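Close look at the chain arrangement
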12 protein chains.
Amino acid sequence: MPLIAVVNGPNLNLLGERDQDMYGKASWEEVREELREKAAELDVELEFYQSNHEGAIVDYLQGLRGRAAGLVINPGALTHYGYSLRDALADLGVPVVEVHISNIFAREEWRSRSVISPVAKGVISGLGTRGYQLALQWLVAELGRG
Amino acid sequence: MPLIAVVNGPNLNLLGERDQDMYGKASWEEVREELREKAAELDVELEFYQSNHEGAIVDYLQGLRGRAAGLVINPGALTHYGYSLRDALADLGVPVVEVHISNIFAREEWRSRSVISPVAKGVISGLGTRGYQLALQWLVAELGRG
Amino acid sequence: MPLIAVVNGPNLNLLGERDQDMYGKASWEEVREELREKAAELDVELEFYQSNHEGAIVDYLQGLRGRAAGLVINPGALTHYGYSLRDALADLGVPVVEVHISNIFAREEWRSRSVISPVAKGVISGLGTRGYQLALQWLVAELGRG
Amino acid sequence: MPLIAVVNGPNLNLLGERDQDMYGKASWEEVREELREKAAELDVELEFYQSNHEGAIVDYLQGLRGRAAGLVINPGALTHYGYSLRDALADLGVPVVEVHISNIFAREEWRSRSVISPVAKGVISGLGTRGYQLALQWLVAELGRG
Amino acid sequence: MPLIAVVNGPNLNLLGERDQDMYGKASWEEVREELREKAAELDVELEFYQSNHEGAIVDYLQGLRGRAAGLVINPGALTHYGYSLRDALADLGVPVVEVHISNIFAREEWRSRSVISPVAKGVISGLGTRGYQLALQWLVAELGRG
Amino acid sequence: MPLIAVVNGPNLNLLGERDQDMYGKASWEEVREELREKAAELDVELEFYQSNHEGAIVDYLQGLRGRAAGLVINPGALTHYGYSLRDALADLGVPVVEVHISNIFAREEWRSRSVISPVAKGVISGLGTRGYQLALQWLVAELGRG
Amino acid sequence: MPLIAVVNGPNLNLLGERDQDMYGKASWEEVREELREKAAELDVELEFYQSNHEGAIVDYLQGLRGRAAGLVINPGALTHYGYSLRDALADLGVPVVEVHISNIFAREEWRSRSVISPVAKGVISGLGTRGYQLALQWLVAELGRG
Amino acid sequence: MPLIAVVNGPNLNLLGERDQDMYGKASWEEVREELREKAAELDVELEFYQSNHEGAIVDYLQGLRGRAAGLVINPGALTHYGYSLRDALADLGVPVVEVHISNIFAREEWRSRSVISPVAKGVISGLGTRGYQLALQWLVAELGRG
Amino acid sequence: MPLIAVVNGPNLNLLGERDQDMYGKASWEEVREELREKAAELDVELEFYQSNHEGAIVDYLQGLRGRAAGLVINPGALTHYGYSLRDALADLGVPVVEVHISNIFAREEWRSRSVISPVAKGVISGLGTRGYQLALQWLVAELGRG
Amino acid sequence: MPLIAVVNGPNLNLLGERDQDMYGKASWEEVREELREKAAELDVELEFYQSNHEGAIVDYLQGLRGRAAGLVINPGALTHYGYSLRDALADLGVPVVEVHISNIFAREEWRSRSVISPVAKGVISGLGTRGYQLALQWLVAELGRG
Amino acid sequence: MPLIAVVNGPNLNLLGERDQDMYGKASWEEVREELREKAAELDVELEFYQSNHEGAIVDYLQGLRGRAAGLVINPGALTHYGYSLRDALADLGVPVVEVHISNIFAREEWRSRSVISPVAKGVISGLGTRGYQLALQWLVAELGRG
Amino acid sequence: MPLIAVVNGPNLNLLGERDQDMYGKASWEEVREELREKAAELDVELEFYQSNHEGAIVDYLQGLRGRAAGLVINPGALTHYGYSLRDALADLGVPVVEVHISNIFAREEWRSRSVISPVAKGVISGLGTRGYQLALQWLVAELGRG
């Protein structure tokens, strides 16, 4: 059963408590629950990781080498300046889907630039917390196709 | 049964004939077929439209007023300069998901800027032709939630 | 009786249905009615044209050569990228007044740049649909002066 | 009888003496005469003010608080850097029409940016000294509508 | 006998009527006549197409797939923003020569940037209507060489 | 008893009448009263000056040479283009604290750049009219320390 | 007794050892001592936190939710790129005063841009370590006013 | 005897008191004395004017119309934003030499841009207060040549 | 028999040895041979010049004054910074065609800007070494037309 | 025996596993082995540190105060945004050599800007893992010279 | 008798033959003659040098070390990109006056930036060939003052 | 015995006479002597070349084709605009190390951009004249490894 990691960057542990118009009402725990159900259905193993530390996420990603078959990542604000994260993702060598809960292209100018996107397979932005599920679904299909 | 329109911009009628590394091997006819199956499953009506003319797409979108409940659009190269299309989408007043087959953020610099995204609910980029299906699936869920 | 053409670009056929805070409540039909009355008063012939197609507007402008004595144009979103329209206006060789219903200088940054203005005699922006009448009035006076 | 102020910025007292291809042949006295006739016709009171001092125009605008119902202003070169003037106009709280005799969008690049426009209701540019009359006419209609 | 298409963008149907200092005195009909003679001499078939609609040119280019061996294109003002045209040219897969009658590098700043050039084999700018003949001549030699 | 001058730029005489969400409810007279009390407490002499004229403020600052020991200045909109004011402040040779009532860094982009700050000792922005008092308090402490 | 947190970013633990012309001679311990005295006087509780890790500061700020009534923060170099910190501050929902010991607007160009300021209530820059006290004093007054 | 006006902008009345490394030790009175001697020698009449008010300088320049044959101007900081001054100089219609005591091209970036230079005949920068004499000398020769 | 000079800038003496994918396989000697044949056919005299020194090319161009009737120039890398060369070409006063063997618009960003083009009659880019022949052919026709 | 620290930023612990064309085949362990031999030869003590956390590197650098005589640092992706690291290096007060294994000036545009270089003594880029040895060798010579 | 060198950059040997509206009618020989007379009067020795080669000018400037007391230079187009010339001037260590015959600030945008000015004592621009004499006169006075 | 060329650009022949804080006290002759000793030790042949002429350096580099195995180059100010030099280096096809004596990244903004670096193997900047020796040492090792 292939392993897919779902990684969240800074401040995303507070889902449900942050600005709900922007990030929705579901807590991170609820989102994980839905993803676990989806994963069971799709017959993949999930592993969750969240940190407010760019370095910790890089450490975690390095630890996934040889273990994970794909990655869903919402880099939070690291999206816009996390070049170390970017290099770690590029080094990892598995398909990566970048997810944003809010539509980063409809907010402040600086949020519309992602330094992560050029090393991702694809990007899902603005589709709320359901974006994680779509990313997971796509990765599983992609892995099955390979 | 709500109507969801799936709109393709310039040159996307040649899917399967264009650069396959970038846009995949499936023809537009095959993609539509898969979408029709998905729609049947999700119990929504689909309508397809493609044009190489920005004006024709604007005409078409105006004709959707009051008929469509949601929209999936891949604006093709209009993504980067189609301000008339943007205004038409903003005027339409239904949820719009912008889809790109290739990852526009990993190509030429000018392709990473979309003038459409600020008026879309969300964006799916780089997930191949399956991006259309994810967009459809999300729209249906979104409509159901409203 | 000199002919003055009044040309509207993309999405302006929906006046009265678009965002009313921005574009006012009058429909295009009502605006035309007021312009016809004004024209009768000023003793000029009016011709109206609207299209969502830049190419069609260029075709129409070429057809005005030798027929029209002046032009009122609201280019809609083509204001910001319609270089073909700009060339057609420059080639036409009659006085052109550019009209915008909303104040394009008080909206998104990109709306404050017009590629049309450098080839127009003048610009009226933000005075609502009455801007068309002022433009007409000015053109008639200008033609009378020449 | 509502009061409408007509304000001219630096160097506009020399109308008729400045470059006539750009600013026309009419002197400021002649322009005022035409505006007085128009005002009589429209049943509004006019007050004229011109200064080469940004500070003096700000002083004058502050003195209009509670007295004026609308404002026509040609800020001259202050158009491009008069942020104090801009704040004074925003504070005034009555409809403002910005007028330029020449078409500022068809001259040097720096003249095509107005720091005033974002706080004006609308802009009339390039329609010669008749632009003042159109602005007056519009303001009166606008006030009547309110 | 290989087919070479000669395509003109917006406003180029008015050659001979537009600003003659910029675009020369020859009409499009005269230019075509000279090209036909040249083609006869070079033993290639010519096909002409002009449109003021970007979409129509894209349609036409798609229809050339498998028929044309080479392309001469003067995109007119689309040179500067016709990204859909650019994609269509890139998809076509035959050698393209971009022609400009006037020297676009010696005019307004914005005219010196072509979004088409990166997908063309080469560019001829400023050599008047004879530029079309040089392009044709080069294409024929190029095809003979392949 | 050392003299500290408190200088206000354009439109700040209208405190309490301007947008109250931005600039607070206190009038300039009330702010001065509070500052006088504070000054009495701190044993310094205060002198107030306000003008809408950059030139007048420069005149005033030149007149402070040899008289003032420190300066609190809220340059109003001159913050963003008052290079003459900047030079006058630099020439004055006493510690200057720049005060802004609203947080200029959270408003329009152009308001976040101050041409004055590089010649000030420090900046207090966004702390309302109490910012003047903090500036005064700091200056007195600073002078005592020297 | 309300809690106010005083947070220092990278390298600020070395106050008194870093460049003294820029940052002053007082050690962080001495600054804290003065702040404790001030807090006692103002009847508020203080909590100090310093870290060289952006992630750790974000962790800390999250832990303040529901505990702190206000925040004084000197983000150190994170001022210029700490978007995760910015989001954490925006999420916190209590008044924040940003403090810089040196005048960041009078140093290298890149130091004059703060990504933090748009989510702060206000900014104090260049007033040395006394800036912390002024910030504290203001916050207490602000809380008392609410 | 032709009249040549020598005009100084903001803060230049303090020559000799300002930063002497930058602006020299001579007072404005001494500079004038040397210019008067030079003028006597060259047989021209001189008139001096200095103001810290851009508006006052514009007023003064308008009053020179028909009186002055040439102008030496050191615009001080207005060099960099005095567009009203620029227009007044352009309207004046006599040869203008722009003088800067310090070398504005070897100081802060923003000082190296003059908005005045495009309407001046020439510029002398960095040659100290003797620059005024060279400008005067050149103007007299220029007038003699005409 | 009119003289046409063919001038090559830095590194173009190594044609045939440089990157052949970019610059072709023909040596400069072979290119010259073809040009000589073409010239004989067209009844013009040719003169070749190549140098790696901008100064030497300027010297050579000055020596052509009164001798040459037209010029073909491939400035090599001087295309992008050779302002002295540009001035020399502008001074020469004969028609100039700028030639580039590779398509400079499809390479590095900096190669797409030519400082030479604004003073050339026209530009041929990307048509390989045959571009020289087309330029020659055009110049001869142009001279015959004059 | 003086201590020289060798510090590696994010992802550099994976040397030998990352893209080998870019970063070479040697593992970090092998590089360290070679450096240890070199150090023995040069009679200096070495200390190695690597972290994916910017904050941890700052902590480590602070701990070197008074212990280290020189520093070799490869900041990895922190090169481009690690302003906290930069400040820590500036505070450290010993000679720093910045090393990059790949040539950062021949890769993506954003990699060619280092925020670290202005506080380093020097930079070695693109010379592979041998760059560390050259840096060490230089530092030892430099220290010997002081 | 001190030596002052007068150096001209590319294309300035053609004075009197180049565009006379821009550069005047006097030939370089005539300009030199006038300078020689002036020098005799001022009791200094003159040496003239002109080259179209930046390298040759640098060679020449190096040869002036220890010989020349001052320098007048018109760098021609090297003004805008001659960084080697700039370094040579900075190394020379004598006062340099940069002269431009035409007013470079009133021409193309790129001509208004000089890379030379930051290392010159001063700049004279737009005063025709008499600018050389003023520069000479100033240098002699400056040397006498030292 | 492989040949390695050591090339110096403009003004570097004056090492030891130029600003010694920036470029050190060693003369070019002394630097060469040290390099000769190093070369003897490393068993390679050295050839030195210096010129103030970009063209001469290009000539020299072309003459190295087939003779040299590697290159050390300090382009001096050509670093920032020597595109012809860049092309010559790219054409040469041997490993190139770019050396700067001072740290170009810690000086004026324009010095931090090298147009040469993208075609070099690596860069050594700021390590004084010893940078040449490190470059030589690296090249010899690199050649031995090949």
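Because the structure is a prediction, the values reported are computed rather than measured. (Residues numbered from 1 in each chain as written. Chains lettered and ligands numbered in written order. Predicted model: local features only at pLDDT ≥ 70, side-chain atom pairs only at ≥ 80, totals over all residues. Heavy atoms only, no water.)

1. Here's the deal with the overall build of chain A
Our working rule: Each helix corresponds to a stretch of at least 4 residues labelled H or I by DSSP, and each strand to a stretch of at least 2 residues labelled E; elements are numbered beginning at the N terminus. As defined in this context, the radius of gyration uses C-alpha atoms, and a globule is described by 2.2 Å times the residue total to the power 0.38. Only protein chains enter the accessibility calculation, which uses a 1.4 Å probe. A residue is then buried if its area is under 20% of the maximum for its type, exposed if over 50%, and partly exposed in between. All accessible areas in this document rest on Shrake-Rupley with a 1.4 Å probe, and a residue is counted as covered only by the protein chains that are shown. Positive charges come from Lys and Arg alone, negative charges from Asp and Glu alone, with His and the N- and C-terminal ends not counted. A charged residue contributes its charge at one atom only: NZ of Lys, CZ of Arg, CG of Asp or CD of Glu.
Along the backbone of chain A there are five helices and five strands. What you see for chain A is a C-alpha radius of gyration of 14 Å, in line with the 15 Å of a compact globule of 146 residues. Based on the C-alpha atoms only, the size of chain A along its principal axes is roughly 40 × 30 × 25 Å. Looking at the 146 residues of chain A, the share that counts as buried comes to 65%. With an accessible surface of roughly 5,000 Å², chain A has 46% of that area assigned to carbon and sulfur atoms. One way to put it: in chain A the 14 positive side-chain charges average out to a point 4 Å from where the 20 negative ones average out.

2. Brief notes about the relation of the copies chain A and chain B
The cut-off we apply is this: Superposing the copies works by least squares over the C-alpha atoms of residues that have pLDDT at least 70 in both of them. It only takes one pair of heavy atoms within 4.5 Å for two residues to be counted as in contact.
Least-squares fitting of chain A to chain B yields an RMSD of 0.0 Å, with the transformation described by 0.0 Å of translation along the axis and a rotation of 180 degrees. These values place the two chain copies in the arrangement generated by a two-fold rotation axis. Of the C-alpha atoms belonging to chain A, the one lying closest to the rotation axis is found on Ile124(A), 2.3 Å away. Comparing interface residues between copies, 100% of those in chain A also sit at the interface in chain B, which points to an isologous, same-surface contact.

3. Observations concerning the relation of the copies chain G and chain A
Relating the two copies of this chain is a rotation about some axis coupled with a shift parallel to it. Superposition of chain G onto chain A requires a rotation of 120 degrees combined with a translation of 0.0 Å along the rotation axis, giving an RMSD of 0.0 Å. A rotation of that kind, with that shift, is consistent with a three-fold axis.

4. Examining the sheet that holds strand β5 (residues 122-125) of chain K
The strands that make up a sheet pair up through hydrogen bonds in the backbone, lying either parallel or antiparallel. Rules: In this description, strands pair whenever DSSP reports at least two bridges between them. Here an axis means a line fitted to C-alpha atoms, over the contact stretch when the element is a helix, while the angle between two N-to-C directions is reported on a 0 to 180 degree scale.
Reading across the sheet, the ten strands line up as β2(H)-β1(H)-β3(H)-β4(H)-β5(H)-β5(K)-β4(K)-β3(K)-β1(K)-β2(K) and stay open at both edges, with mixed pairing between neighbours. At either end of the open sheet lies a strand with only one pairing partner, and these are β2 (45-50) of chain H together with β2 (45-50) of chain K. On average, each strand axis in the sheet is tilted by 20 degrees relative to the strand beside it, whichever way the strands run. Across six bridges, strand β1 (residues 3-8) of chain K lies against strand β3 (residues 68-74) of chain K in parallel orientation. For Asn8(K), the partnering residue across the bridge sits in β3(K) and is Asn74(K). Running over the sheet, helix α2 (residues 28-42) of chain H touches β1 (3-8) and β2 of chain H and is turned about 160 degrees from β2(H).

5. Things to note about the sheet that holds strand β2 (residues 45-50) of chain L
Overall, mixed pairing links the ten strands, which are arranged β2(J)-β1(J)-β3(J)-β4(J)-β5(J)-β5(L)-β4(L)-β3(L)-β1(L)-β2(L) in an open sheet. Sheet topology places β2 (45-50) of chain J together with β2 of chain L at the edges, where each strand pairs with a single neighbour. Ignoring which end each strand starts from, the neighbouring axes of this sheet average 20 degrees apart. Sheet topology note: the strand β3 (residues 68-74) of chain J/strand β4 (residues 96-100) of chain J ladder contains three bridges and is parallel. Directly across from Val72(J), in β4(J), lies its bridge partner Val97(J). In this fold helix α3 (residues 54-64) of chain L packs onto β1 (3-8), β2 and β3 (68-74) of chain L, with an angle of close to 175 degrees to the strand it touches most, β1(L).

6. Digging into the packing of aromatic side chains
Here the distance between the centres and the angle between the planes together describe a pair of aromatic rings. Under the convention used in this document: A pair of aromatic rings is counted whenever rings of Phe, Tyr or Trp (Trp by its six-membered ring) have centres within 6.5 Å, and the orientation is called stacked for planes under 30 degrees apart, edge-to-face for over 60 and tilted otherwise. In this analysis the charged atom, NZ for Lys or CZ for Arg, is taken to sit over a ring once it is within 6 Å of the ring centre and within 35 degrees of the ring normal.
One pass over the full model with this rule turns up 78 aromatic pairs over all chains. Between Tyr83(C) and Tyr81(E), the aromatic rings sit 5.8 Å apart at their centres with planes inclined by 55 degrees, giving tilted as the arrangement. A residue pair is termed interchain when its members come from two chains, as with Tyr83(C) in helix α4 (residues 83-92) and Tyr81(E) in the loop between β3 (68-74) and α4 (83-92). Grouping residues by exposure puts Tyr83(C) and Tyr81(E) together as buried. Centre to centre, the rings of Phe105(C) and Phe105(D) are 5.4 Å apart; their planes meet at 5 degrees, and the pair counts as stacked. Taken together, the residues Phe105(C) in the loop between β4 (96-100) and β5 (122-125) and Phe105(D) in the loop between β4 (96-100) and β5 (122-125) connect one chain to another. You can call Phe105(C) buried: its relative accessible area is 12%. In this arrangement the basic side chain of Arg18(A) is found over the ring face of Tyr23(A), its NZ or CZ atom lying 4.2 Å from the centre.

7. Notes on the interface of chain A and chain B
Applicable threshold: Accessible-area loss on putting two parts together, using a 1.4 Å probe and summing over both, is the definition of buried area adopted here. Salt bridge criterion: a side-chain nitrogen from Lys or Arg within 4 Å of a carboxyl oxygen from Asp or Glu. Polar contacts, as used here, are pairs of N or O atoms within 3.5 Å; protein pairs need one atom able to donate a hydrogen and one able to accept it. Residues neighboring in sequence count only if both atoms are side-chain atoms.
Between chain A and chain B, the residue contacts involve 25 residues of the former and 25 residues of the latter. Between chain A and chain B, a total of about 2,100 Å² is buried, with carbon and sulfur atoms accounting for 49% of that surface. The tally of links between chain A and chain B comes to four salt bridges. Between Arg130(B) and Glu142(A) there is a salt bridge, with its nearest N and O atoms 2.9 Å apart. Connecting chain A to chain B are 15 residue pairs in polar contact (both at pLDDT 80 or more). For the side of chain A that touches chain B, the elements supplying multiple residues, two or more each, are β5 (122-125) and α5 (130-145) of chain A.

8. Side note on helix α3 (residues 54-63) of chain A
An α-helical segment advances 3.6 residues per turn. Residues three or four places apart therefore align on the same side. Most of α3(A) sits inside the fold, with eight of its ten residues counted as buried. Of the residues making up α3(A), those classed as buried are Glu54(A), Gly55(A), Ala56(A), Ile57(A), Val58(A), Tyr60(A), Leu61(A) and Gln62(A).

9. Regarding the confidence of the model for chain A
Cut-off, in case you're wondering: A residue's pLDDT is the predictor's confidence in that residue, given on a scale from 0 to 100.
Summary statistics for chain A give a mean pLDDT of 95 and a share of 99% for residues scoring 70 or more. In the predicted complex, the global pTM is 0.96; the interface-specific ipTM is 0.96.

10. Looking at the side chain of Gln62(B)
Relative to the helices and strands, Gln62(B) is located in helix α3 (residues 54-63). Given a relative accessible area of 14%, Gln62(B) falls into the buried group. A distance of 3.3 Å separates a polar atom in the side chain of Gln62(B) from a polar atom in the side chain of Asn11(C). Of the polar contacts made by the side chain of Gln62(B), one reaches the side chain of Asn52(C); its length is 3.3 Å. Gln62(B) has contacts with Asn11(C), Asn13(C), Leu14(C) and Asn52(C), leaving out every residue within four places of it along the chain.

11. Focus: the interface of chain G and chain A
Stated formally: Amino acid classes used here: Ala, Val, Leu, Ile, Met, Phe, Trp, Tyr, Cys and Pro are nonpolar; Asp, Glu, Lys and Arg are charged; the rest, including Gly, are polar.
Each partner contributes residues to the interface: chain G has 15 residues there, and chain A has 14 residues. Each partner contributes to the roughly 1,400 Å² buried at the junction of chain G and chain A, and carbon and sulfur atoms together form 43% of this total. The largest per-residue losses of area from chain G upon contact with chain A belong to Gln62(G), Tyr83(G) and Asp87(G), which jointly make up 38% of the total buried on that side. For Arg111(A), the salt bridge identified is with Asp87(G), shortest N-O distance 3.0 Å. The interface formed by chain G and chain A holds ten residue pairs in polar contact (both at pLDDT 80 or more) in total. Those elements giving two or more residues to the side of chain G that touches chain A turn out to be α3 (54-63) and α4 (83-92) of chain G. Residues belonging to the side of chain G that touches chain A are distributed by class as follows: five nonpolar, four polar and six charged.

12. Comments concerning the pattern of salt bridges
Where side chains of opposite charge bring their charged atoms close, a pairing between them can arise. In this structure the tally under the stated criterion is 144 salt bridges over all chains. Measuring nitrogen to oxygen at the nearest pair gives 2.9 Å for the salt bridge that ties Glu33(A) to Arg36(A). In this pair, Glu33(A) and Arg36(A) both sit in helix α2 (residues 28-42), three residues apart, roughly one turn of the helix. With relative accessibility at 35%, the residue Arg36(A) sits in the partly exposed group. When the shortest N-O distance is used, the salt bridge between Arg67(E) and Glu47(E) registers 3.0 Å. Here Glu47(E) lies in strand β2 (residues 45-50) and Arg67(E) lies in the loop between α3 (54-63) and β3, a separation of 20 residues in the sequence. Owing to a relative accessible area of 42%, Arg67(E) belongs among the partly exposed residues under this scheme. Shared partners join several salt bridges into a network, and the residues in it are Arg18(A), Glu108(A), Arg111(A), Arg86(G), Asp87(G) and Asp91(G).

13. What to know about a negative patch on the surface
Residues and elements named next belong to chain A. For the record, the criterion: Residues enter patches when their relative accessible area tops 30% and they take part in no salt bridge; the joining distance is 9 Å for like charges and 5 Å for the nonpolar side chains Val, Leu, Ile, Met, Phe, Trp and Tyr.
Together, Glu30, Glu34, Glu37 and Glu41 give the surface a local cluster of negative charge. By secondary structure assignment, the location of Glu34 is in helix α2. Under the relative-accessibility criterion, Glu34 is labelled partly exposed at 38%.

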